[in-house]
Amino acid sequence: MDTRPLGIDIGYFSGKASEYNWAKLPAEVRFVLPGLGWGTWADPDGPAFVAGIEGVHRFWASWFFPYAHMAPRDQVAAWLKQPRPTHFPIFVDYERSRYYGTIPSASHLLECWHRLEDATGEAAGGYSRKNLIDANLATMSTEDLNLRWWWLAQYGPTGAEDTRAIILPLRIRRDRVLFHQTSDTVPPFPGFLTHVPPPDHLDRDRWVGVMPIEQFAGIPNPPVPLPLEDRVFRLEQEAIAHDWVLS
């Protein structure tokens, strides 16, 4: 039995906001991760999704899907029109577009993160899977990878959750991983999705943060730390101002 706190990820892909009966969300579901935008499209149901989640007193974080051919500036500007989570980061969904067959570059993803962080004052997050991160983000520095939070996909058999410990991508620290998407094939909870016909699956996720979910959610999401060279420069400037000897 998987005892890690359970969550789900949802969005327009599995029904409009009006097609979710939040009263039927089982008590065991502790958090919800709604997708609120793709490219420069911000889901007009975004506020309704968030209102439903908050109405049943669940933690939540939003995620957005970037397209490689669209400027990060324009995409992030659209995403920032949506409600902003208070417990967890805003995640950028880093995977290949099924429609265009493309995936953003490492620099494209990094710019999306920087723009989100400049606007919110908080560290952003990334959703992806080990093979995509290892293959496509090799040019991103280890420091930049670990300045953000991660939500990693790792699936088990069809129709069941993957109960294994998360397998880390190269260079990503375990303490930077918050969520594990454990399945994309498990059936929905009875009565929760009222779409006719109902979808045949509802994604499942587990909290895998190194601290309890309530503890993490009770701490404001911190700003992204400054890069090492900036921290060293500031320390040197402080030392000069106080006539400290560094050598």
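This text follows the structure it describes.
Structure report, in brief.

Parameters and conventions
Residues numbered from 1 in each chain as written. Predicted model: local features only at pLDDT ≥ 70, side-chain atom pairs only at ≥ 80, totals over all residues. Heavy atoms only, no water. Helix = DSSP H or I, 4+ residues; strand = E, 2+ residues; numbered from the N terminus. Rg over C-alpha atoms; globule rule 2.2 N^0.38 Å. Buried < 20%, exposed > 50% of the residue type's maximum accessible area, 1.4 Å probe, protein only. Contact = heavy atoms within 4.5 Å. Core = buried A, V, L, I, M, F, W, Y, C linked by side-chain atoms within 4.5 Å. Lys, Arg positive; Asp, Glu negative; His and termini not counted. Salt bridge = Lys/Arg side-chain N within 4 Å of Asp/Glu carboxyl O. Phe/Tyr/Trp six-rings, centres within 6.5 Å; stacked < 30°, edge-to-face > 60°. Lys NZ or Arg CZ within 6 Å of the ring centre and 35° of its normal. 1 Å grid on protein atoms, 1.4 Å probe; cavity = no way out; pocket = protein on both sides within 12 Å on 5 of 7 lines; lining within 4 Å. Points joined across faces, edges and corners; volume = space filled by probe spheres on them. Nonpolar A, V, L, I, M, F, W, Y, C, P; charged D, E, K, R; others polar.

1. Quick word on the overall build of the chain
Helix and strand counts for the chain stand at seven helices and ten strands. Computed over C-alpha atoms, the radius of gyration of the chain comes to 19 Å, within 12% of the 18 Å expected from 2.2 N^0.38 for 247 residues, which places it in the range of a compact globule. Burial analysis of the chain (247 residues in total) assigns 47% to the buried set. Within the chain, counting contacts between residues at least 6 apart in sequence, those at least 24 apart form 75% of the total.

2. Some words on the nonpolar core
Soluble globular proteins tend to pack their nonpolar side chains together in the buried interior. In terms of nonpolar packing, the biggest core is built from 45 residues, with Ile8, Trp22, Leu25, Leu137, Trp150 and Phe192 touching the most fellow members. Among the secondary structure elements, those contributing two or more residues to this core are strand 1 (6-11), strand 2 (29-38), helix 1 (46-55), helix 2 (72-79), helix 3 (106-120), helix 4 (130-136) and strand 8 (149-153). Top element by residues in this core is helix 3. It accounts for six residues. Among the nonpolar cores identified, the runner-up in size contains 21 residues, and Phe31, Trp38, Phe59 and Phe88 belong to it.

3. Overview of the side chain of aspartate 93
Here aspartate 93 lies in strand 6 (residues 91-93). Of the side chains bearing the opposite charge, arginine 129 lies closest to the buried aspartate 93, which forms no salt bridge; the N-O distance is 7.6 Å. Excluding its chain neighbours within four sequence positions, the residues that come into contact with aspartate 93 are Trp63, Phe64, Phe65, Pro66 and Tyr127.

4. Considerations on the environment of isoleucine 8
If you trace the backbone, isoleucine 8 turns up in strand 1. In this structure, the C-alpha to C-alpha distance between isoleucine 8 and serine 183, residues 175 residues apart in sequence, is 9.6 Å. The contacts of isoleucine 8, once residues within four sequence positions are left out, are Leu25, Val29, Phe31, Val32, Leu33, Phe189, Phe192, Leu202, Asp203, Arg204 and Asp205.

5. Side note on the packing of aromatic side chains
Enumeration over the complete set of coordinates arrives at 25 aromatic pairs. Pairing tryptophan 113 with tryptophan 150 gives two aromatic rings, centres 5.7 Å apart and planes at 85°, and the pair type is edge-to-face. Of this pair, tryptophan 113 sits in helix 3 while tryptophan 150 sits in strand 8; the two residues are 37 residues apart in sequence, bridging distant segments of the chain. Each member of the pair tryptophan 113 and tryptophan 150 is classed as buried. Here arginine 129 stacks its cationic end above the ring of tyrosine 155, 5.2 Å away from the centre of that ring. If you follow arginine 176 out to its NZ or CZ, it ends over the ring of tryptophan 149, 3.7 Å from the centre.

6. With respect to the pattern of salt bridges
In total, this model carries eleven salt bridges according to the counting rule given. Here glutamate 214 and arginine 30 are joined by a salt bridge, their closest N and O atoms 2.2 Å apart. Here glutamate 214 is found in helix 6 (residues 213-217), whereas its partner arginine 30 is found in strand 2, with 184 residues between them in sequence. Assessed through its relative accessible area of 43%, glutamate 214 is described here as partly exposed. Residue arginine 148 is joined to glutamate 117 by a salt bridge in which the shortest nitrogen-to-oxygen separation is 2.8 Å. Of this pair, arginine 148 sits in the loop between helix 5 (142-146) and strand 8 while glutamate 117 sits in helix 3, and the two are 31 residues apart along the sequence. No difference in accessibility class separates arginine 148 from glutamate 117, as the two residues are buried. Via salt bridges that share partners, Asp2, Arg4, Glu161 and Arg206 belong to a single interconnected network.

7. Looking at the layout of surface pockets
Taken as a whole, the largest pocket holds about 730 Å³ of empty space. Surrounding the largest pocket, 22 residues form its lining, Phe13, Trp63, Asp93, Glu95 and Arg98 being those nearest its centre. Split by residue class, the lining of the largest pocket holds eleven nonpolar, three polar and eight charged.

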